[in-house]
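Take a look at the letters that make up each chain.
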Amino acid sequence: AQRVTQPEKLLSVFKGAPVELKCNYSYSGSPELFWYVQYSRQRLQLLLRHISRESIKGFTADLNKGETSFHLKKPFAQEEDSAMYYCALRPQSGGSNYKLTFGKGTLLTVNP
Amino acid sequence: EAGVVQSPRYKIIEKKQPVAFWCNPISGHNTLYWYRQNLGQGPELLIRYENEEAVDDSQLPKDRFSAERLKGVDSTLKIQPAELGDSAVYLCASSSGTVTGELFFGEGSRLTVL
């Protein structure tokens, strides 16, 4: 079974401060990890995926297989980063378990 | 591009009543998903379609939930009869296959069962 844990329901930082949203996962095989984001009054959308190793809107996330973590980081938070963030996992191998499993989400608030 | 379109946006019904949700995916997307999101939780997959075939419905409570995707385009999710615990947001998503893992979500249908 695959499971995603986001230990913080709420995270509040000041503008310009670094931010880290934690994500830990449990899966016996090789996972693919994603971060999805939902801004106020908008639909859920993909922010980034670990395979792409990209930086989107200043956010990065590194897959640490030893610690089974995929934390989302940004060195200088902006007010427009305030949103609900969901970490998600799916098996790399496909098949019948080829589904995206989401964590419960972390609500990030960036204060001015 | 309108994106994934869902209706209705909001629905309030009494328990034991039936309810149906409709989803129109992005044109050309052959994979369609229905997720349920309870308050304070992340989305949970109910069913996944590849074209008109339901390839993963293991999490769909089949005693009261049903879904169909006729002609491999639009999809309908039905609950009959609804229970208090079915109150949630029902999200539809689509993707052009499963390679990238990027799902495009609709705005959701918020169901309240009284």
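None of these values were measured; they are calculated from a predicted model. (Residues numbered from 1 in each chain as written. Chains lettered and ligands numbered in written order. Predicted model: local features only at pLDDT ≥ 70, side-chain atom pairs only at ≥ 80, totals over all residues. Heavy atoms only, no water.)

**Q** Residue-level account of the interface of chain A and chain B, with values.
**A** Size of an interface: often given as the accessible area lost when the parts come together. With 16 residues of chain A in contact, the opposing surface of chain B contributes 22 residues. Surface buried jointly by chain A and chain B totals about 1700 Å² across both partners, of which 46% is contributed by carbon and sulfur atoms. If you look at where chain A meets chain B, you find one salt bridge. A salt bridge links E107(B) to R43(A); the shortest N-O distance between them is 3.9 Å. At the junction of chain A and chain B, the tally comes to five residue pairs in polar contact (both at pLDDT 80 or more). Residue composition of the side of chain A that touches chain B, by class: eight nonpolar, three polar and five charged. (Contact = heavy atoms within 4.5 Å. Buried area = accessible area lost by both parts, 1.4 Å probe. Salt bridge = Lys/Arg side-chain N within 4 Å of Asp/Glu carboxyl O. Polar contact = N/O pair within 3.5 Å; in protein donor to acceptor, adjacent residues only side chain to side chain. Nonpolar A, V, L, I, M, F, W, Y, C, P; charged D, E, K, R; others polar.)

**Q** Before we move on, can you summarise the packing of aromatic side chains with the specific residues and values?
**A** Throughout the structure, instances matching the rule amount to ten aromatic pairs over all chains. Taking 5.6 Å as the distance between ring centres and 50° as the angle between the ring planes, the aromatic pair formed by F59(A) and Y85(A) counts as tilted. On the criterion of sequence distance, the pair formed by F59(A) in the loop between β6 (45–49) and β7 (60–61) and Y85(A) in strand β9 (residues 83–91) is long-range, its members being 26 residues apart. Here the two residues F59(A) and Y85(A) agree in accessibility, since each one is buried. On the basis of an interplanar angle of 90° and a centroid distance of 6.4 Å, the ring pair of Y86(A) and F102(A) is categorised as edge-to-face. Here the residue Y86(A) occupies a position in strand β9, and F102(A) occupies one in strand β10 (residues 101–102), the gap between them amounting to 16 residues. With respect to burial, Y86(A) and F102(A) carry one shared label: buried. Each member of the aromatic cluster is reached from another via a ring pair, and the members are Y36(A), Y86(A), F102(A), Y33(B), Y35(B) and F105(B). (Phe/Tyr/Trp six-rings, centres within 6.5 Å; stacked < 30°, edge-to-face > 60°. Helix = DSSP H or I, 4+ residues; strand = E, 2+ residues; numbered from the N terminus. Buried < 20%, exposed > 50% of the residue type's maximum accessible area, 1.4 Å probe, protein only.)

**Q** Please give an account of unusual backbone geometry that cites residues and values.
**A** Residues and elements named next belong to chain B. The residue after S7, namely P8, is reached through a cis peptide bond having omega -10°. Within the secondary structure, P8 sits in the loop between β1 (5–7) and β2 (10–13). A cis geometry characterises the amide bond from Q80 onward to P81, with omega recorded as -5°. Among the secondary structure elements, P81 is positioned in the loop between β8 (75–79) and β9 (88–95).

**Q** Any chance you could break down the side chain of Q2(A) for me, citing the residues and the numbers?
**A** All names here are of chain A. Inspection of the secondary structure puts Q2 in the segment before β1 (3–5). Reaching out from Q2, the side chain makes a polar contact with the backbone oxygen of K99 at a distance of 3.1 Å. A polar atom in the side chain of Q2 sits 2.9 Å from the side chain of T101.

**Q** Can you explain the nonpolar core? Please cite residues and give values.
**A** Residues and elements named next belong to chain A. Counting residues in each nonpolar core, the largest one holds 24 residues, and the members touching the most others are W35, L72 and Y85. Sorting the residues of this core by element identifies β2 (10–14), β3 (19–21), β5 (31–38), β6, β9 and β11 (106–111) as the ones contributing at least two each. A per-element tally of this core places β9 first, with four residues. (Core = buried A, V, L, I, M, F, W, Y, C linked by side-chain atoms within 4.5 Å.)

**Q** Account for the state of the cysteines, with residues named and values stated.
**A** Residue and element names in this part refer to chain A. Following the criterion strictly, the structure yields two disulfides over all chains and no others. A disulfide bridge connects C23 with C87, and the sulfur atoms are separated by 2.0 Å. Taking the sign of the S-S torsion, about -65° here, the bridge from C23 to C87 comes out left-handed. Of this pair, C23 sits in the loop between β3 and β4 (24–26) while C87 sits in strand β9; the two residues are 64 residues apart in sequence, bridging distant segments of the chain. (Disulfide = S-S within 2.5 Å.)

**Q** Would you mind going over the pattern of salt bridges in detail, with residue names and values included?
**A** Evaluation of the coordinates by the stated rule reveals ten salt bridges over all chains. When salt bridges that share partners are traced, they join E20(A), K22(A) and K73(A) into one network.

**Q** I'd like a rundown of the sheet that holds β3(A), residues and numbers included.
**A** All names here are of chain A. Strand order in the open sheet formed by three strands is β3-β8-β7, with antiparallel pairing between adjacent strands. Two strands close off the open sheet at either side, each with one partner strand: β3 and β7. Inspection of the sheet shows β7 paired to strand β8 (residues 72–74) by two bridges, in the antiparallel sense. When the bridges of β8 are listed, A61 appears paired with L72. (Pairing = 2+ DSSP bridges.)

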